[in-house]
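Listed here are the chains, written in short residue letters.
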Amino acid sequence: MKHVFSVRIGPVGFRVGSDWRAPIRQLAALYAGYPQPEDGVPDFTVRLFAQRPWRRVIRPAVMIGGDFMIPDAAPLPLAQGLLAAEMAMNLQMALGQRRYLLLHASAVERDGRVLLMTGESGSGKSTLAALLSQRGWRLMGDEFALIDPVTGLAHAFPRLVSLKNAAIAVAEAAMPQARFGPLLEGTPKGAIRHLVPDAAAVAAMDMPGKPALLLFPRFGFAPDIRDVAPGEVFMRLTQASTNYVAMGERGFDALTRLVLSIPAQAIDYPDTKHALAQVEALWEAL
Amino acid sequence: MAAVYRAAPAEALRIVPLDAFTAIYHRASGITHLVGPPVPEILTALGPDGLTLPALIARLGDTYDLLDADEAALGARLDELVAAGLVRTA
Amino acid sequence: MSVGANGWLLARILRSPGDAAALDATGWTALIAIARAEQMIGTLAWRLHGTAMPPAVARILADARASADHGRTLALWEAEAARRALAPLGVPVVLLKGTAFVAAGLMAGQGRSIGDLDILVPRGSLDAVERALLENGWEWVKPDAYDDAYYRRWMHELPPLIHRDRDRMIDVHHTILPLTARITPDAQGLLAESVPLRAEEKGGLAMLSRTDVIVHAAAHLFADGDLAGGMRNLWDVHCLIEEFGVEGLVERAEHHGLGDAVGRALRLAAALYGDGATLSPGDRACLRRVTARDGWGSATRPWTRLAFYIRSHWLRMPPAMLARHLWTKWRKQSG
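Just so it is clear, the structure is predicted and the values come from calculations on it, not from any experiment.

(A) View of the packing of helix H2 (residues 53–64) of chain B against helix H3 (residues 71–84) of chain B. Residue and element names in this part refer to chain B. At a closest axis distance of 11 Å, the pairing of H2 and H3 adopts a crossing angle of 105 degrees. In terms of their interaxial angle, H2 and H3 are classed as roughly perpendicular. Touching Leu53, Leu56, Ile57 and Leu60 of H2 are Glu71, Leu74, Gly75 and Leu78, all from H3. Grouping the constituent residues of the contact of H2 with H3 by class yields 6 nonpolar, 1 polar and 1 charged.

So, in structure tokens, the structure goes:
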């Protein structure tokens with residue numbers, strides 16, 4: 001393809017090809033400092049292409065393709081090309097990742113131990129992970145936690161943190177010195193702005209950690225903490241994993257081991273201040 | 001002659017008790033079953049040698065104190081387990 | 001290496017795995033993207049198992065092998081579920097395509113990706129088979145009156161069914177070509193010559209005879225599609241010939257009226273994966289179509305593709321019927 005960008009995020013190498021220069025230039029700027037795929041061979045290929053040649057210039061619409069695709073994925077306007085690239089990379093992980101059990105969770109690390117936070121979109125897991133990274137935690141990832149079925153360790157996947165709607169202002173205020181991507185208005189998920197993980201997160205991204213605590217955050221409720229029993233955790237994590245079924249027995253091994261080895265709590269919170277205090281208290285009590 | 005129900009051989013299943021629930025991975029189908037009592041107890045009671053339905057009810061009553069097991073309900077449960085591949089007949 | 005980044009690269013490595021030693025990072029990247037696009041990454045992974053390769057590639061291919069193994073498990077379980085559902089009917093159930101290959105432990109099944117379960121049953125048993133499947137958890141994929149009538153009247157299979165718990169599709173065939181095609185293979189002969197897969201099980205499953213299985217692979221390639229998936233299909237043909245030989249194949253193909261299709265499939269498979277063959281201009285056009293990929297896994301040469309799409313519909317339906325079919329489809333899309 002005409003424009004190409006390659007990057008390694010944690011243990012996963014990507015190659016992004018594009019009919020347009022703009023998304024590639026944005027990726028290169030935001031992922032500056034990230035390494036290249038190991039041995040020069042990426043795990044996944046992503047393509048951003050025009051459905052018809054003239055759609056490169058006339059009302060340009062970015063189609064998403066790659067090794068793994070969903071049929072009839074709607075194109076995005078070229079102004080949202082960066083989002084298209086990020087979505088396509090996520091899609092490769094969600095549909096094609098077979099080495100690690102993929103949990104739809106954010107992950108932060110302290111002292112070699114990992115806090116996993118999982119929940120629906122809007123639960124605040126991305127925002128909390130970003131804020132914790134300002135308070136002595138290492139950001140491992142805001143979207144996918146990678147559990148190694150052999151070691152049980154969590155691997156970092158520190159892609160750009162995807163902040164949505166109200167979370168954008170919260171992060172901008174809390175992290176005035178951080179680097180952000182362009183503000184993307186009117187996307188299918190509302191306003192989106194990408195936050196570049198800090199240098200420490202990138203420098204340490206090859207260092208896995210031992211899972212120590214699992215939280216199910218829920219934003220917009222009175223503060224509350226309750227234990228979640230292993231059976232329920234298991235069920236919720238099978239639903240929070242995009243590749244549990246495809247991983248077969250290795251997925252079963254990884255998940256049962258994780259569920260039996262770490263405590264799990266559901267935390268409800270009205271604002272991020274409460275949530276951060278809840279997280280620190282639970283972590284101290286481990 | 002009443003049908004004999006046998007548990008799938010030990011190497012066909014991965015059974016991991018979590019709490020009240022037990023996770024069972026069925027190797028032949030690649031399907032995970034999250035089950036509650038009395039399914040794990042049924043699998044243990046049947047074992048590789050198998051039992052008829054009345055014998056199973058007696059065994060569950062002796063070992064697990066499940067005296068109120070009703071034959072029709074347990075039979076339906078067994079049929080589900082057969083369909084899932086966790087239990088075999090004959 | 002002299003091969004460009006297209007389907008020929010994949011063919012060359014499958015034919016001579018040792019050639020992979022000459023690949024650089026760009027070559028490996030293209031090979032992996034093309035193999036994934038052709039749904040042959042598992043096949044490639046098995047073929048290259050044990051040969052030297054960069055660690056990053058070794059990991060990707062190890063994942064692909066694990067994935068294919070799991071796919072094999074799911075496919076065999078689906079076949080077992082169908083066997084259980086249909087056993088009370090006492091009708092022969094013949095596994096087709098990928099599921100048959102893995103059930104019989106054939107080379108063609110090694111690492112092969114398997115989608116739907118395809119089975120062949122006697123035409124007279126279709127209603128009973130349909131009922132038994134519906135009673136055992138399978139459901140229609142889309143209840144659409146036109147497509148339904150079209151399938152029932154003209155196709156060689158029931159409209160696809162999907163299992164409500166396992167989310168897997170089953171295609172129930174009663175012959176190997178649509179009734180609209182001008183060629184009508186001997187469906188009864190396919191069943192009569194089929195071979196039991198597990199002799200000890202009563203009401204068990206079967207697969208096509210060693211010649212019919214090759215005839216079917218060829219028929220599937222040319223008449224049931226637009227050559228899409230051709231690289232994988234021809235790999236099937238290549239492996240089946242390696243294992244079963246060609247004795248009696250020409251006669252059997254002629255018997256089904258598929259002599260030309262089988263002849264061409266053998267030439268194309270030999271050109272891609274074997275010792276080569278004398279090719280006609282038509283063969284070369286097919287090979288161009290089949291290998292039309294770039295190093296990103298994208299389909300290239302769209303005009304060749306479109307020509308083959310029109311041709312494939314032409315083959316399946318007499319012209320007046322084709323017009324009606326396209327008209328009805330078009331009205332639905334615009335309506």
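Anyway, onward from the coordinates.
(B) Focus on the interface of chain C and chain A. At the junction of the two partners, chain C supplies 20 residues and chain A supplies 23 residues. Regarding the contact of chain C and chain A, the summed buried area is about 1800 Å², with carbon and sulfur atoms giving 54% of it. Contact with chain A buries surface across chain C, with C:Arg36, C:Asp63 and C:Trp296 losing the most and accounting together for 40% of the total. Our enumeration of links across chain C and chain A arrives at 3 salt bridges. Among the salt bridges present, the one from C:Arg59 reaches A:Glu38, with a minimum N-O distance of 3.2 Å.

(C) Representation of the sheet that holds strand S13 (residues 190–195) of chain A in the model. Residue and element names in this part refer to chain A. Strand order in the open sheet made by the 3 strands is S11-S13-S12, with antiparallel pairing throughout. Each having just a single partner strand, strand S11 (161–164) and strand S12 (184–187) make up the two edges of the open sheet. Ignoring strand direction, the axes of neighbouring strands in this sheet form an average angle of 35 degrees. Here 4 bridges tie S11 to S13, and the two strands are oriented antiparallel to one another. Each bridged residue has a counterpart across the sheet, and for leucine 163 the counterpart in S13 is arginine 193. Each of S12 and S13 touches helix H2 (residues 81–96); the most contacted strand, S13, lies at about 75 degrees to it. Relative to the sheet, helix H4 (residues 166–174) contacts S11 and S13, its axis offset from that of S11 by approximately 120 degrees.

(D) Structural view of unusual backbone geometry. Cis rather than trans, the peptide bond between B:Pro37 and B:Pro38 has omega equal to 10 degrees. Relative to the helices and strands, B:Pro38 is located in the loop between strand S4 (31–35) and helix H1 (39–46). For A:Asp39, which is not glycine, the phi dihedral falls at a positive 60 degrees. Considering the arrangement of structural elements, one finds A:Asp39 in the loop between helix H1 (22–30) and strand S3 (44–49). The phi dihedral of A:Arg59 falls on the positive side, at around 40 degrees, and the residue is not glycine. As for its position among the elements, A:Arg59 is in the loop between S3 and strand S4 (61–66).

(E) Representation of the packing of aromatic side chains in the model. Enumeration according to the criterion identifies 12 aromatic pairs over all chains in this entry. Taking 4.9 Å as the distance between ring centres and 85 degrees as the angle between the ring planes, the aromatic pair formed by A:Tyr31 and A:Tyr34 counts as edge-to-face. A:Tyr34 matches A:Tyr31 in its accessibility class, with the two residues each being buried. An angle of 40 degrees between the planes, with centres 5.5 Å apart, marks the rings of A:Phe252 and B:Tyr25 as tilted. With A:Phe252 in helix H7 (residues 249–261) and B:Tyr25 in strand S3 (residues 22–26), the pair connects residues from two separate chains. What makes A:Phe252 buried here is its relative accessible area of 0%. Note on B:Tyr25: relative accessible area 4%, which makes it buried. Feature note: the residues A:Phe14, A:Phe44, A:Phe68, A:Phe144 and A:Phe157 constitute an aromatic cluster, connected by ring pairs. The side chain of A:Arg15 reaches across the aromatic face of C:Trp296, ending 3.9 Å from its centre. Of note, C:Arg65 hangs over the ring of C:Trp46, and the distance from its end group to the ring centre comes to 5.8 Å.

(F) Highlighting the interface of chain C and chain B. Contacts between chain C and chain B engage 6 residues on the former and 11 residues on the latter. Buried area between chain C and chain B, both sides added, is near 520 Å², and the carbon and sulfur share of it is 62%. When the buried area of chain C at its contact with chain B is split by residue, C:Thr73, C:Trp77 and C:Arg84 rank highest and sum to 73% of it. At the junction of chain C and chain B, the tally comes to 0 salt bridges. Linking chain C to chain B there are 1 residue pair in polar contact (both at pLDDT 80 or more). Looking at the side of chain C that touches chain B residue by residue, the classes come out as 2 nonpolar, 2 polar and 2 charged.

Basis of the calculations
- Residues numbered from 1 in each chain as written.
- Chains lettered and ligands numbered in written order.
- Predicted model: local features only at pLDDT ≥ 70, side-chain atom pairs only at ≥ 80, totals over all residues.
- Heavy atoms only, no water.
- Axes fitted to C-alpha atoms, helices over the stretch in contact; angles between N-to-C directions.
- Helix = DSSP H or I, 4+ residues; strand = E, 2+ residues; numbered from the N terminus.
- Parallel < 35°, antiparallel > 145°, perpendicular 65-115°, else oblique.
- Contact = heavy atoms within 4.5 Å.
- Nonpolar A, V, L, I, M, F, W, Y, C, P; charged D, E, K, R; others polar.
- Buried area = accessible area lost by both parts, 1.4 Å probe.
- Salt bridge = Lys/Arg side-chain N within 4 Å of Asp/Glu carboxyl O.
- Pairing = 2+ DSSP bridges.
- Phe/Tyr/Trp six-rings, centres within 6.5 Å; stacked < 30°, edge-to-face > 60°.
- Buried < 20%, exposed > 50% of the residue type's maximum accessible area, 1.4 Å probe, protein only.
- Lys NZ or Arg CZ within 6 Å of the ring centre and 35° of its normal.
- Polar contact = N/O pair within 3.5 Å; in protein donor to acceptor, adjacent residues only side chain to side chain.

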